[in-house]
Amino acid sequence: MAFARTCSVALVGVEGVVVEVQADLEPGVAAFTLVGLPDKSLTESKDRVRAAVVNSGAAWPQKKLTVGLSPASVPKSGSGFDLAVAAAVLGAAERIDPRVLADIVMIGELGLDGRVRPVRGILPAVLAAADSGYEQVVVPECAVAEAALVPGVSVLGVRSLRQLIAVLTDEPVPDEEPDEHGRPDPLMAGLRMPGTGAATGMHSTGAAPYDNGHDLADVVGQHSARTAMEVAAAGGHHVFLEGPPGAGKTMLAERLPAVLPRLTRQESLEVTAVHSVAGLLPPGKPLIETAPYCAPHHSATMQALVGGGQGVARPGAVSLAHRGILFLDETPEFGSRVLDALRQPLEAGHVVIARSAGVVRFPARFLMILAANPCPCGRFSQRDTLCECPPSVIRRYQARLSGPLLDRVDLRVGVDRVTRSQLVERGARGESTATVADRVRAARERATARLVGTPWGTNSEVPGRELRSRWHAVPGAMEEAERNLERGVLTARGIDRVLRVAWTVADLVGHDRPDATDVALALQLRTGVPRGVPMAMGVLT
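In this text, all values refer to a predicted model and were calculated from it rather than measured experimentally. (Residues numbered from 1 in each chain as written. Predicted model: local features only at pLDDT ≥ 70, side-chain atom pairs only at ≥ 80, totals over all residues. Heavy atoms only, no water.)

The number of helices and strands found in the chain is 24 helices and 17 strands. Taking all 541 residues of the chain together, the buried fraction comes to 50%. Restricting the contact set of the chain to residue pairs at least 6 apart, pairs at least 24 apart contribute 72%. Carbon and sulfur atoms provide 51% of the accessible area of the chain, an area that totals close to 23,900 Å². (Helix = DSSP H or I, 4+ residues; strand = E, 2+ residues; numbered from the N terminus. Buried < 20%, exposed > 50% of the residue type's maximum accessible area, 1.4 Å probe, protein only. Contact = heavy atoms within 4.5 Å. Areas by Shrake-Rupley, 256 points an atom, 1.4 Å probe, with all protein chains shown as cover.)

It is worth spelling out the pattern of salt bridges at this point. Scanning the entire structure with this criterion turns up 28 salt bridges. Between R323 and E270 there is a salt bridge whose closest N-O contact spans 3.2 Å. Highlighted residues: R323 in the loop between α13 (317-320) and β13 (325-328) and E270 in helix α11 (residues 265-278), separated in sequence by 53 residues. Accessibility expressed as a relative area gives 24% for E270, which makes it partly exposed. Of the charged contacts, one joins E461 and R323 as a salt bridge, the two residues approaching to 3.9 Å between their closest N and O atoms. With a gap of 138 residues between them, E461 in the loop between α19 (433-450) and α20 (464-469) and R323 in the loop between α13 and β13 connect regions that are remote in the sequence. Judged by its relative accessible area of 24%, R323 is partly exposed. Within the structure, one salt-bridge network assembled from shared partners comprises E347, D407, R408, D410, R493, R497 and R526. (Salt bridge = Lys/Arg side-chain N within 4 Å of Asp/Glu carboxyl O.)

Attention shifts here to the confidence of the model for the chain. Summarising the model, the chain shows a mean pLDDT of 87, and 89% of its residues fall at 70 or more. Between the elements of the chain, mean pLDDT differs from a low of 44, seen in helix α8 (residues 208-211), to a high of 97, seen in strand β5 (residues 104-106). A low-confidence stretch, residues 195-200 stays under pLDDT 50, and its non-local contacts, those more than four residues away or across chains, total nine contacts. (pLDDT = per-residue confidence, 0-100.)

Right, let's get into the nonpolar core. Residues L241, L256, I369, L411, V519 and L525 are the most contacted members of the largest nonpolar core, which totals 55 residues. Counting residues per element, this core draws most heavily on helix α22 (residues 492-509), at eight residues. Excluding anything up to four places from it in sequence, V519 contacts A477, M478, A481, V498, A502 and P514. By size, the runner-up hydrophobic cluster in this structure holds 40 residues, among which are V49, W60, A84 and V85. (Core = buried A, V, L, I, M, F, W, Y, C linked by side-chain atoms within 4.5 Å.)

Attention now goes to the pairing of strand β1 (residues 3-12). A regular strand carries its side chains on alternate faces of the sheet. In terms of strand pairing, β1 meets strand β2 (residues 15-26) through 10 bridges, oriented antiparallel. Within β2, the position partnered with L11 by the bridge is G16. The antiparallel pairing of β1 with β2 creates a hairpin that spans two residues between the two strands, and G13 there sits at a positive phi of about 70°. (Pairing = 2+ DSSP bridges.)

Here we take up the packing of aromatic side chains. Evaluated as defined, the whole model comprises one aromatic pair. Between F32 and W60, the aromatic rings sit 5.6 Å apart at their centres with planes inclined by 45°, giving tilted as the arrangement. With a gap of 28 residues between them, F32 in strand β3 (residues 31-35) and W60 in the loop between α2 (45-55) and β4 (64-70) connect regions that are remote in the sequence. W60 matches F32 in its accessibility class, with the two residues each being buried. (Phe/Tyr/Trp six-rings, centres within 6.5 Å; stacked < 30°, edge-to-face > 60°.)

Before going further, it helps to spend a moment on the environment of D329. Following the sequence through the fold, D329 ends up in the loop between β13 and α14 (336-340). On the basis of relative accessibility, which here comes to 25%, the residue D329 falls in the partly exposed class. With 32 residues separating them along the chain, D329 and H297 place their C-alpha atoms 7.5 Å apart. Non-local contacts of D329, meaning those with residues more than four positions away in its chain, are made with T250, H298, F334 and A371. Of the polar contacts made by the side chain of D329, one reaches the side chain of T250; its length is 3.3 Å. (Polar contact = N/O pair within 3.5 Å; in protein donor to acceptor, adjacent residues only side chain to side chain.)

Here it is as structure tokens:
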């Protein structure tokens, strides 16, 4: 029978669709036809596969060859189908038993010499195969650790097409010649996308760079901002920091990843899948267990921030910060359309990108930190007259942050200029990262216990109607917030966010439900108006 089939996976965003790769040989003029809605890189696989098969010691069939990718309606892109196409062709030529190939999913790119190169998106592809009931997966040898993260799947790692043929035909597996000592493995080049290192601000190393020599105790003063960052970490609330340059806004943001709890197993798989598709996984340790940190430059385009681009849509900064932190420094310098594009992911927890080739959905549930100067020169303050910016320039600069965007930010804190006495004072260091992280972890555990059996994990995710109907504050605690709603200080969305923050404050201080003090602190963090409440969790507890 001159027909064989095997399987591979087509990625649509971070979701995979199992594709059946069919090969058919017929008498006639030797030709190679690839059908099934392939893109340019996949069409080029015809030449790669032919050269890889010949250089692996197998005979190329001199017949009319048709390779079909089914379902044909799903767009297919990338070079990850090479291995499956080569196996299907060899099965149709009876070099490999076609019955062995039918229940195997193969993912990998082929070099002209037959070596198997890794591709991006191994983890979501294997997850899709497991969800479809497949139990055997073949991947490049250097991507075995990433594929093995999926339970219940038998993973076979191969370094070359010769090894795969030997394994499937029960022949002795050939040993590949080792690369020259001291040189990097060229096969690892496919795991990372050029230009996506740590220097770009879009990296997946999470809290690791901030644990070594970086501590919250290094931040001088800024008690209100430190409290806001602790509340944000405990409840997943967004923060807006406004203050002059050099006051510590970036220091606070960079130290926040170490305060966040470690990701759960499910969260780790979600984050790893996004970074795998983006080509950001570090070789050797693919599973991301700490919250990612993403800090794009203010010149980033809308596609870089929310995702998209030409051809296949790629995840943007909001998706790379999924389950982690998105830090937008110098926020007014971002384009207004770019910032307004954040509204939908802030509310929904995902971003939907519509293109002519289809609709792609990326997860985007992140903790956003906005940092801004009070004016273009950064010296505007109510306490002194150092600023020389005209009032119209200041108003225009501050108006770059739209009201609807700021309404979705739970905590708004002013960061004051550090004084000489604060900088030289000895023995006045604030709480360490370890102390704050322990308090945040305990607050998260209280919230998780309260929300068990619901689809929400943190207070910021709970809809306002649920908080008002299922989890009530102490009677009379919300009176001041309701008066602010009547006066127009708060919107309906704003009062819901105050209630969420109040629940987070209650979790941090150990209250069963928010009282008037917890709500007053939440209002103070939301509006910036002093309410006579201490701005330190250590004092409230």
